[in-house]
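Spelled out from the first residue to the last, the chains are:
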Amino acid sequence: MSALPSHLIATSTSELQAALRGRVITPDDAEYDRARTVFYAGDDRRPAAVVRPTDAAEVARVVTLAREAGLELAVRSGGHSVARHSVTEGGIVLDLGAMKALDVDPQRRTAWAQTGLTAGEYTTATHAYGLATGFGDTGSVGIGGLTLGGGIGYLVRKHGLTIDDLLAAEVVTADGQVLHVDAEHHPELFWAIRGGGGNFGVATRFKFRLHQLDQVVGGLLLLPATPDTIAAFLAEAAAAPEELSTIANVMPALPLPFVPAEHHGQLVIMATLVHAGAVEAGQRAVAPFRAIATPIADLVHPMPYPEIYPPEDEDFHPTATSRTMLVDAVDHDATEAIVEHLAASTAPLRVAQLRVLGGAMARVPAEATAFAHRASRFMVNVAAVYGRPEETAVHEAWVSDFAAVLRNGDARAYVNFLGDEGQARVREAYPGSTWARLAAVKRRYDPTNLFHLNQNIPPMSPR
Ligand SMILES: Cc1cc2nc3c(=O)[nH]c(=O)nc-3n(C[C@H](O)[C@H](O)[C@H](O)COP(=O)(O)OP(=O)(O)OC[C@H]3O[C@@H](n4cnc5c(N)ncnc54)[C@H](O)[C@@H]3O)c2cc1C
């Protein structure tokens, strides 16, 4: 809730509308309910306004007004925050969704991208030049939140995290300054925004490195899921050439058109494979996965890279709960636990997502960016997706118990998949000296913690 009386909030939002070319959407607008909606369902917070600036100068005005008026600020790019951080009760949602400019330099293989772009939009646009930057597994995720937390996707083993291709950024800080940030200018801030999330300011533009990538051998492979097939899949994924990154969702098979009816509801490995290299090498790299068991469906084929992001239903808003972890082993006990836990859940959709890491991601020194868990061999996410909010307690208990078994005492986490799990858990994303270094950068650029609706790193207290 804002500390301001409502007539002052109204004054602030009408001041904003007068000062901006961008839209200021308030509760009286017909679009208000759609504008405050985020990806995950079950959030009824009502901001005083959703503001859609058109450039960095307008973002700076919104930041300044929120700070001066004492209004809580939620920053949103694609709205996919797992912890539901991109909406506020009574404050301002700074929605970058109108800022989608992309300026590609095909000679230098770089692109300046405004942060309202989604991963899918960016990927489709750069494909026109036969070039790509790696993001995550879902086209509708915003490049804003994904990049600031790290970015783990289909090119992670070949080209590293998304931040490993981040060359510079334009950042609006809490005092309303628009900064150019790179290895030479504000180097500590540049280090911090590569993994430290939205703690330090509003990123309005990113400069990315692009890689030559036209076609990939990629797509879905469905295999029956047993403890042995899961273990075999992980072993093959770890042994595969770095061109191949995989995301394996162990889950009950959905009644999709390409899944034979007898498998609907049965436990399967629904994996997406992406080989970012020559087609023949890709076919060779995929062959061992096809040999694990007779595939239930095999949609892996040479395709233009953006096809890896199929069209999505904008009105899909799941109710879900999840846990994330980074671990070094998923052994036979773990693959057995995966099958047992998935069989025991009553959620209509439940999943254990297994990602084998390594390759280019692991070669960047831990201290080079704020994403320090470089050496982790696997990322595992477990989730329950369900219809009725009153079931939440049951599914919460299930994900929590499931994650504890797989984690096996290992506390490491990737910040972008954390839910609202408390500060101790945020710290586990930032091991060793990383946390203190981030807190020092926070003190310098956001001493009053204006940007606190995030996986928060409070400013280091003055000594
Ligand atoms: C379906 C789904 C699939 C996903 N897949 C992957 C994946 O494959 N790989 C992966 O790495 N992650 C993945 N994620 C996690 C994702 O990276 C994070 O949820 C990320 O924060 C979403 O970014 P967003 O811009 O869409 O979200 P938003 O909700 O808009 O933003 C999330 C938070 O990021 C900060 N933020 C966003 N934009 C800015 C900005 N421009 N400036 C400053 N702060 C900002 C804010 O703190 C905000 O609260 C997935 C999430 C979902 C829901």
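Residues numbered from 1 in each chain as written. Predicted model: local features only at pLDDT ≥ 70, side-chain atom pairs only at ≥ 80, totals over all residues. Heavy atoms only, no water.

## A look at the site of the ligand
Item 1. Ser77, Ser86, Asp137, Ile152 and Tyr414 are the nearest of the 35 residues found near the ligand.
Item 2. Measuring from an oxygen atom of the ligand, one finds a backbone N or O atom of glycine 78 at 2.9 Å.
Item 3. In this structure, an oxygen atom belonging to the ligand sits 2.7 Å away from a main-chain N or O atom of aspartate 137.
Item 4. Against a free-state accessible area of 940 Å², the protein chains account for coverage of 94% of the ligand.
Item 5. Of all the elements in the fold, those that place two or more residues in the shell around the ligand are β3 (73–76), α5 (143–149) and β10 (202–209). (Near = heavy atom within 4 Å. Polar contact = N/O pair within 3.5 Å; in protein donor to acceptor, adjacent residues only side chain to side chain. Areas by Shrake-Rupley, 256 points an atom, 1.4 Å probe, with all protein chains shown as cover. Helix = DSSP H or I, 4+ residues; strand = E, 2+ residues; numbered from the N terminus.)

## Section: the pattern of salt bridges
Item 1. If you walk through the whole model with that rule in mind, you get 31 salt bridges.
Item 2. A salt bridge links arginine 76 to aspartate 95, with the shortest nitrogen-to-oxygen separation between them at 4.0 Å. Residue arginine 76 is located in strand β3, and its partner aspartate 95 is located in strand β4 (residues 92–95); the two are separated by 19 residues in the primary sequence. For the residue pair arginine 76 and aspartate 95, the accessibility class agrees, reading buried in each case.
Item 3. Where arginine 108 meets aspartate 105, a salt bridge forms, and the shortest distance between an N and an O atom there is 3.1 Å.
Item 4. Several salt bridges converge on common partners, so that one network encompasses Arg23, Asp29, Glu31, Arg52, Arg76 and Asp95. (Salt bridge = Lys/Arg side-chain N within 4 Å of Asp/Glu carboxyl O. Buried < 20%, exposed > 50% of the residue type's maximum accessible area, 1.4 Å probe, protein only.)

## Brief notes about the pairing of strand β6 (residues 110–114)
Item 1. Burial of β6 is extensive: 5 of the 5 residues sit out of reach of the surface.
Item 2. Of the two faces of β6, the one holding Thr110, Trp112 and Gln114 and the one holding Ala111 and Ala113 are both buried throughout.
Item 3. Alignment of strand β5 (residues 102–105) against β6, held across 4 bridges, turns out to be antiparallel. Note that in β6 the partner of valine 104 across the bridge is alanine 111.
Item 4. Between β5 and β6, which pair antiparallel in sequence order, lie 4 residues; one of them, arginine 109, sits at a positive phi of approximately 55°.
Item 5. Pairing of β6 with β10, which is carried by 5 bridges, proceeds in the antiparallel orientation. Its bridge partner being in β10, threonine 110 is matched across the sheet by arginine 209. (Pairing = 2+ DSSP bridges.)

## Side note on the packing of helix α8 (residues 227–239) against helix α10 (residues 332–344)
A pair of packed helices is captured by two measures, namely the crossing angle of their axes and the spacing between those axes.
Item 1. The N-to-C vectors of α8 and α10 enclose an angle of 125°; their axes lie 8 Å apart at closest approach. Between α8 and α10, the crossing angle belongs to the class labelled oblique. Relative to α10, α8 is oriented so that their crossing is right-handed. Judged by residue contacts, Pro227, Asp228, Ile230 and Ala231 of α8 engage His332, Thr335, Glu336, Ile338 and Val339 from α10.
Item 2. Looking at the contact of α8 with α10 residue by residue, the class counts come to 5 nonpolar, 2 polar and 2 charged. (Axes fitted to C-alpha atoms, helices over the stretch in contact; angles between N-to-C directions. Parallel < 35°, antiparallel > 145°, perpendicular 65-115°, else oblique. Left-handed = near helix turned anticlockwise from the far one by under 90°. Contact = heavy atoms within 4.5 Å. Nonpolar A, V, L, I, M, F, W, Y, C, P; charged D, E, K, R; others polar.)

## Structural notes on the pairing of strand β17 (residues 319–327)
Item 1. The buried count for β17 comes to 9 of 9 residues, which makes it a mostly enclosed element.
Item 2. Side chains of β17 alternate between two faces, with Thr319, Thr321, Arg323, Met325 and Val327 and Ala320, Ser322, Thr324 and Leu326 buried alike.

## Side note on the packing of aromatic side chains
Item 1. Here the structure, examined in full by the defined rule, presents 12 aromatic pairs.
Item 2. For the ring pair phenylalanine 135 and phenylalanine 208, a centre distance of 5.5 Å and an interplane angle of 85° mean the geometry is edge-to-face. Taken as a pair, phenylalanine 135 in the loop between β7 (131–132) and α5 and phenylalanine 208 in strand β10 lie far apart in primary sequence, 73 residues in all.
Item 3. Each ring, one from tryptophan 398 and one from phenylalanine 402, has its centre 5.2 Å from the other, and the planes form 55°; the classification is tilted. Of this pair, tryptophan 398 and phenylalanine 402 both sit in helix α12 (residues 392–407), 4 residues apart, which is roughly one turn of the helix. (Phe/Tyr/Trp six-rings, centres within 6.5 Å; stacked < 30°, edge-to-face > 60°.)

## Some details on the sheet that holds β5
Item 1. Read from one edge to the other, the open sheet built from 5 strands follows the order β5-β6-β10-β8-β9, with strand pairing classed as antiparallel. The open sheet is flanked by β5 and β9 (178–182), the only strands paired with a single partner. Taking the axes of each pair of neighbouring strands and ignoring which way they run, one obtains an average angle of 15° across the sheet.
Item 2. Where strand β8 (residues 166–172) meets β10, 6 bridges bridge the pair, whose relative direction is antiparallel. Residue pairing in the sheet places valine 172 in a bridge with valine 202 of β10.

## Here's the deal with helix α3 (residues 56–69)
Item 1. Here α3 contains 14 residues, and its C-alpha end-to-end distance of 20 Å stays within 8% of the 20 Å for a straight helix at 1.5 Å per residue.
Item 2. For α3, the complete set of buried residues consists of Ala56, Glu58, Val59, Ala60, Val62, Val63, Leu65, Ala66 and Ala69.
Item 3. Sitting at the head of α3, aspartate 55 places a side-chain oxygen 3.3 Å from the backbone nitrogen of alanine 57.
Item 4. With its phi angle positive at about 70°, glycine 70 sits one or two positions after the end of α3. (Expected span 1.5 Å × (residues − 1).)

## Looking at the sheet that holds β3
Item 1. Reading across the sheet, the 4 strands line up as β1-β2-β4-β3 and stay open at both edges, with mixed pairing between neighbours. Two strands close off the open sheet at either side, each with one partner strand: β1 (23–25) and β3. Neighbouring strand axes in the sheet, compared pairwise and without regard to direction, differ in orientation by 20° on average.
Item 2. Alignment of strand β2 (residues 49–52) against β4, held across 3 bridges, turns out to be parallel. Directly across from valine 51, in β4, lies its bridge partner leucine 94.
Item 3. Taken strand by strand, α3 contacts β2, β3 and β4, and its axis lies near 165° from that of β4.

## Some points on the packing of α10 against α12
Item 1. Two elements in contact, α10 and α12, have axes whose closest approach is 10 Å; the angle formed by their N-to-C orientations is 170°. Overall, the two elements α10 and α12 adopt an arrangement that is roughly antiparallel. The segment α10 lies against α12, with Ala334, Ala337, Ile338, His341 and Leu342 engaging Trp398, Asp401, Phe402, Val405 and Leu406.
Item 2. A per-class count over the contact of α10 with α12 returns 8 nonpolar, 1 polar and 1 charged.

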